[in-house]
Amino acid sequence: AYWDAADVIFQDRLDDLWTQVCNHPGRLFAVREPKGYPDNRAVAAWSLSIRDSEARARAFRLLSSRPFLNSGFAAGTAKAMLAYFREAHRLRHSPALDGTRDWGDQMTLNLYCHLNPDAWREVEEGWNYCVHDRRPGEVRVDASGCVVSTCGARIHVVHGNAHSLRQLEVSFY
């Protein structure tokens, strides 16, 4: 598995995640963003910046109609991860993503998963709980110092995407 290294906080053991990976050895695990299209402006900005008109239309159609996945996390067996990394590299260096304003990771994960629906599986958001794009008050730090969701979601790993850990005052970017 991998997580963005600079903006994650591990709050729990990973045993449950590894059990899920073992139970689905051919699948890549991914977590959806709190907001998809049209509420997440990155979907349009990143997909519509692709140079090739056919690739641009396909990317936008896929990303605007399916869960928008956060690329700050992925898990799977070595075989599943390698298949993803190989295809991600190919996509990133092809007309499918040429020109995108995204760094490449977000778009490649989303295209890989949505073009290969049998290759991935959505895992609960608590394995990569994105703080960004949450409603005010939905996330807080409790008395023990753990980041918690007021909606009751179990948070194994906190992801401060888009510098969002600042709002919790647990990070100094």
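Presented here is a report on the structure given in the accompanying data block.

Reading the values: the criteria
Residues numbered from 1 in each chain as written. Predicted model: local features only at pLDDT ≥ 70, side-chain atom pairs only at ≥ 80, totals over all residues. Heavy atoms only, no water. Core = buried A, V, L, I, M, F, W, Y, C linked by side-chain atoms within 4.5 Å. Buried < 20%, exposed > 50% of the residue type's maximum accessible area, 1.4 Å probe, protein only. Helix = DSSP H or I, 4+ residues; strand = E, 2+ residues; numbered from the N terminus. Contact = heavy atoms within 4.5 Å. Pairing = 2+ DSSP bridges. Axes fitted to C-alpha atoms, helices over the stretch in contact; angles between N-to-C directions. Expected span 1.5 Å × (residues − 1). Arc of directions from axis to C-beta.

Observations concerning the nonpolar core
Side chains of nonpolar character tend, in soluble globular proteins, to be buried together.
Thinking step 1. By size, the foremost hydrophobic cluster in this structure holds 24 residues, and its most contacted members are L28, L63, L109, L111, Y112 and C113.
Thinking step 2. Contributing elements (two or more residues each) for this core: β3 (28–32), α3 (53–65), β4 (69–75), α4 (78–92) and α5 (105–115).
Thinking step 3. Per-element tally for this core: the top contributor is α5, with five residues.
Thinking step 4. Setting aside residues no more than four positions away along its own chain, L63 makes contact with Y37, V43, F68, M107, N110 and L111.
Thinking step 5. One finds W3, V8, A75 and V123 within the second-largest nonpolar core, a separate group that totals 12 residues.

Focus on the pairing of β3
Thinking step 1. Most of β3 is tucked away, with four of its five residues classed as buried.
Thinking step 2. Where β3 and strand β5 (residues 120–122) come together, three bridges link them in parallel fashion. Counterpart to A30 in the pairing with β5 is E122.
Thinking step 3. Alignment of β3 against β4, held across three bridges, turns out to be antiparallel. Counterpart to F29 in the pairing with β4 is A75.

Side note on the sheet that holds β4
Thinking step 1. Here four strands make up an open sheet; going across it, the order is β1-β4-β3-β5 and the pairing mixed. Each end of this open sheet is capped by a strand with a single partner; those strands are β1 (2–3) and β5.
Thinking step 2. Running at roughly 80° to β4, helix α1 (residues 15–23) makes contact with β1, β3 and β4 of the sheet.

Structural notes on α4
Thinking step 1. A rise of 1.5 Å per residue sets the reference length of α4, with its 15 residues, at 21 Å; its end C-alpha atoms lie 21 Å apart and thus fit the reference within 8%.
Thinking step 2. Within α4 the residues assigned to the buried category are A80, M81, Y84, A88 and L91. Taken around the axis of α4, the buried residues stretch over an arc of 95°, which confines them to a single face. Seen from the open side of α4, the exposed residues pointing more than 90 degrees away from its buried face are A78, K79, R86 and H89.
Thinking step 3. Buried positions along α4 lie against β1, β3, β4 and α5.

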